Amino acid sequence: MKAITQERYGTPDTLALRDVARPEPGKDHVLVRVRAAGIHRGDRILLAGRPYAVRVVGPRAPRHRVAGTEGAGEVHAVGSAVTEFAPGDEVLGWGTGLYAEFASIPAKNLVPKPATLTFAQAAAVPVSGMTALQALDGRTRPRPGQRVLVIGAAGGVGTFAVQIARAYGAEVTGVGSTTKVDLIRSLGADHVIDYTREDVTQSRQRFDVIVDLIGDHPVNRLRRLLTPTGTLVLVGVENGGPLLGGFERNLTTMLTAPFLRRRPVRPLSSIGRRADLLALTHLVDAGSLAPVVDRTYPLGRTAEAFQYLADEHARGKVVITL
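Below you will find a few notes about this structure. (Residues numbered from 1 in each chain as written. Predicted model: local features only at pLDDT ≥ 70, side-chain atom pairs only at ≥ 80, totals over all residues. Heavy atoms only, no water.)

1. Things to note about the packing of helix α4 (residues 126–135) against helix α9 (residues 274–285)
To be explicit about the condition: Whenever a helix is involved, its axis is fitted only over the stretch in contact; in every case the axis is a line through C-alpha atoms, and angles between N-to-C directions fall within 0 to 180 degrees. By the criteria applied, helices consist of DSSP H or I runs no shorter than four residues and strands consist of E runs no shorter than two, each listed in order from the N terminus. By definition in this entry, angles of less than 35 degrees are roughly parallel, angles greater than 145 are roughly antiparallel, angles of 65 to 115 are roughly perpendicular, and the rest are oblique. We call two residues in contact whenever any of their non-hydrogen atoms come within 4.5 Å of each other. By the convention adopted, Pro, Cys, Tyr, Trp, Phe, Met, Ile, Leu, Val and Ala count as nonpolar, Lys, Arg, Asp and Glu as charged, and the other residues, Gly among them, as polar.
As a packed pair, α4 and α9 sit with axes 9 Å apart at the nearest point and diverge in direction by 95°. Between α4 and α9, the angle is such that the two are roughly perpendicular. Facing α4, whose interface residues are P126, G129, M130, L133 and Q134, α9 presents D276, L277, A279 and L280. Residue classes in the contact of α4 with α9 are distributed as six nonpolar, two polar and one charged.

Rendered as structure tokens:
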């Protein structure tokens, strides 16, 4: 089969289209004929092998030769222990080796694809959608009428976060650049802040939940925007340093969190949970969630897709189609 492989860490140029052996599904795996695969921030980190601190405790070269961690497609075959899927079923989910014509994925990582979504839209959902849902989950789940601020509202996770917060009944403010203001508003945001014209940390508004997807503002300045019982969720840093990749902000927050009795800060490291993926598909079926796909690229142009995302042009998700 055709697949995008990566033999070493580096720039998008390290990705290459090659012929590799088609995988065979284990007893609890599903062999998926991949129709589309999404790109998310974690894929960019795996590509570059940054932050460098990860290489000290982790592999010195990519652990999985075939890249890609989220996607959608059709079930081609199932393992002996799999009963919930059958050949021909349309599915979406997360795993490894999804930038390829076929991928073997644990059945527990897959859910049925909503009929209203194209394969490209479905491939955009798993990782970014689960991250957004978990940022607004548990004690940070907004109640109807509460105010939510999403910094980085036009990105892969941000477009999901705005819609999920609105589905919960929150009053949402999204932050983005001038060229993305209309997109953020179209997602249902009640208010939009153009960061090129206004510093969000100078806002007089107070928020019950702040989801920071960018990391450009000091934590203390963001905490001052919270209501007395509000929570700041730190999801990612777009431009972290080479050693820790911006994780130093989350590390500092974790060390000081026990002393923050009011206006707590919650660093988020999202995980794959099938229940969350099912919740996202239910929101899609209810008409409350629509994945935003900026561009699609064929498998052979995966390196170009990564470069487009790295240049921060993307509005929503970038997807590889097969």
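So that's the structure; there's more coming.
2. Structural notes on the sheet that holds strand β10 (residues 191–194)
Paired through backbone hydrogen bonds, the strands of a sheet run either parallel or antiparallel to each other. So the rule is basically this: Strand pairing is assigned whenever DSSP identifies at least 2 bridges connecting the two strands.
One open sheet accounts for six strands, arranged β10-β9-β8-β11-β12-β13; its pairing is parallel. One side of each edge strand has no neighbouring strand; the edge strands of this open sheet are β10 and β13 (265–267). Each strand of the sheet is rotated relative to its neighbour by a mean of 15°, with strand direction disregarded. Relative to β10, strand β9 (residues 171–176) runs parallel, the two sharing four bridges. Each bridged residue has a counterpart across the sheet, and for G176 the counterpart in β10 is D194.

3. Notes on helix α5 (residues 156–167)
Condition: Here, expected helix span is obtained from the residue count minus one, scaled by 1.5 Å. To sort residues, take the accessible area from a 1.4 Å probe on protein chains only and compare it with the maximum for the residue type: under 20% means buried, over 50% means exposed, and anything in between is partly exposed.
If you check α5, its first and last C-alpha atoms are 18 Å apart, about what twelve residues at 1.5 Å a residue would give, namely 16 Å. Most of α5 sits out of view: ten of its twelve residues are buried. Along α5, the residues that are buried comprise G156, V157, G158, T159, F160, A161, V162, Q163, I164 and A165. Here the buried face of α5 lies against α4, β8 (147–151), β9, α6 (181–186), α9 and β15 (317–321). One or two residues past the end of α5 sits G169, with phi positive at roughly 90°.

4. Things to note about the packing of α4 against α5
Convention followed: Handedness of a crossing follows from how the near helix is turned relative to the far one, being left-handed for an anticlockwise turn of less than a right angle and right-handed for a clockwise one.
The contact between α4 and α5 brings their axes to 8 Å, and the two run at 50°. The angle between the axes of α4 and α5 places the two elements in the oblique class. Where α4 crosses over α5, the handedness of that crossing is right-handed. Facing S128, G129, T131, A132 and L133 of α4, the residues of α5 in contact are G156, V157, F160, A161 and I164. Looking at the contact of α4 with α5 residue by residue, the class counts come to six nonpolar, four polar and no charged.

5. Considerations on the side chain of D208
Applicable threshold: We score Asp and Glu as negative and Lys and Arg as positive, and we do not count His or the chain ends. The salt bridge criterion pairs a side-chain nitrogen of Lys or Arg with a carboxyl oxygen of Asp or Glu, the two atoms within 4 Å. Whenever a nitrogen or oxygen atom comes within 3.5 Å of another N or O atom, the pair is scored as a polar contact, on the condition that within protein one atom can donate a hydrogen and the other can accept it, and that pairs from neighbouring residues in sequence are kept only if both atoms are in side chains.
When you line up the elements, D208 lands in strand β11 (residues 207–212). Notably, D208 is buried but unbridged: the nearest opposite-charge side chain belongs to R147, and the N-O separation is 5.6 Å. Within the local environment of D208, its side chain forms a polar contact with the backbone nitrogen of R147, the two atoms lying 2.8 Å apart. Not counting residues up to four positions away in its chain, the partners in contact with D208 are Q146, R147, L226, T227, G230 and T231.

6. A few points about the environment of L278
Following the sequence through the fold, L278 ends up in helix α9. On the basis of relative accessibility, which here comes to 26%, the residue L278 falls in the partly exposed class. When the C-alpha atoms of L278 and M130 are compared, they prove to be 9.8 Å apart, with 148 residues separating the residues in sequence.

7. So, the packing of aromatic side chains
Put simply, the test is: Classification of ring pairs uses Phe, Tyr and Trp, with its six-membered ring standing for Trp, and accepts pairs whose centres are within 6.5 Å; under 30 degrees between planes counts as stacked, over 60 as edge-to-face, and the remaining range as tilted. Two conditions define a charge located above a ring, namely a distance within 6 Å from the ring centre to NZ of Lys or CZ of Arg, and an angle within 35 degrees of the ring normal.
Going through the model one piece at a time under the given rule, you end up with two aromatic pairs. Considering the side-chain rings of Y99 and F306, the 6.1 Å spacing of their centres and the 85° angle between planes classify their relative orientation as edge-to-face. With Y99 in the loop between β5 (90–94) and β6 (102–106) and F306 in helix α10 (residues 302–310), this pair connects stretches of sequence that are 207 residues apart. Grouping residues by exposure puts Y99 and F306 together as buried. Centre to centre, the rings of Y297 and Y308 are 6.4 Å apart; their planes meet at 50°, and the pair counts as tilted. One end of the pair, Y297, is in strand β14 (residues 293–298); the other, Y308, is in helix α10, with eleven residues separating them in the sequence. Each of the two residues, Y297 as well as Y308, counts as buried. We note R22 situated over the ring of F102; from NZ or CZ to the ring centre the distance is 4.8 Å. If you follow K113 out to its NZ or CZ, it ends over the ring of F119, 5.1 Å from the centre.

8. Examining the pattern of salt bridges
Taken as a whole and assessed by the stated rule, the structure comprises twelve salt bridges. For K113, the salt bridge goes to E90, with nearest N and O atoms at 3.3 Å. One end of the pair, K113, is in the loop between β7 (110–112) and α3 (119–123); the other, E90, is in strand β5, and 23 residues separate them in sequence. Since its relative accessible area comes to 36%, E90 is described here as partly exposed. Residues E171 and R147 are paired through a salt bridge, measuring 3.9 Å at the closest nitrogen-oxygen approach. In this pair, E171 is assigned in strand β9 and R147 in strand β8, connecting sequence segments 24 residues apart. What emerges from the salt-bridge pattern is a single network uniting D137, R273 and D276.

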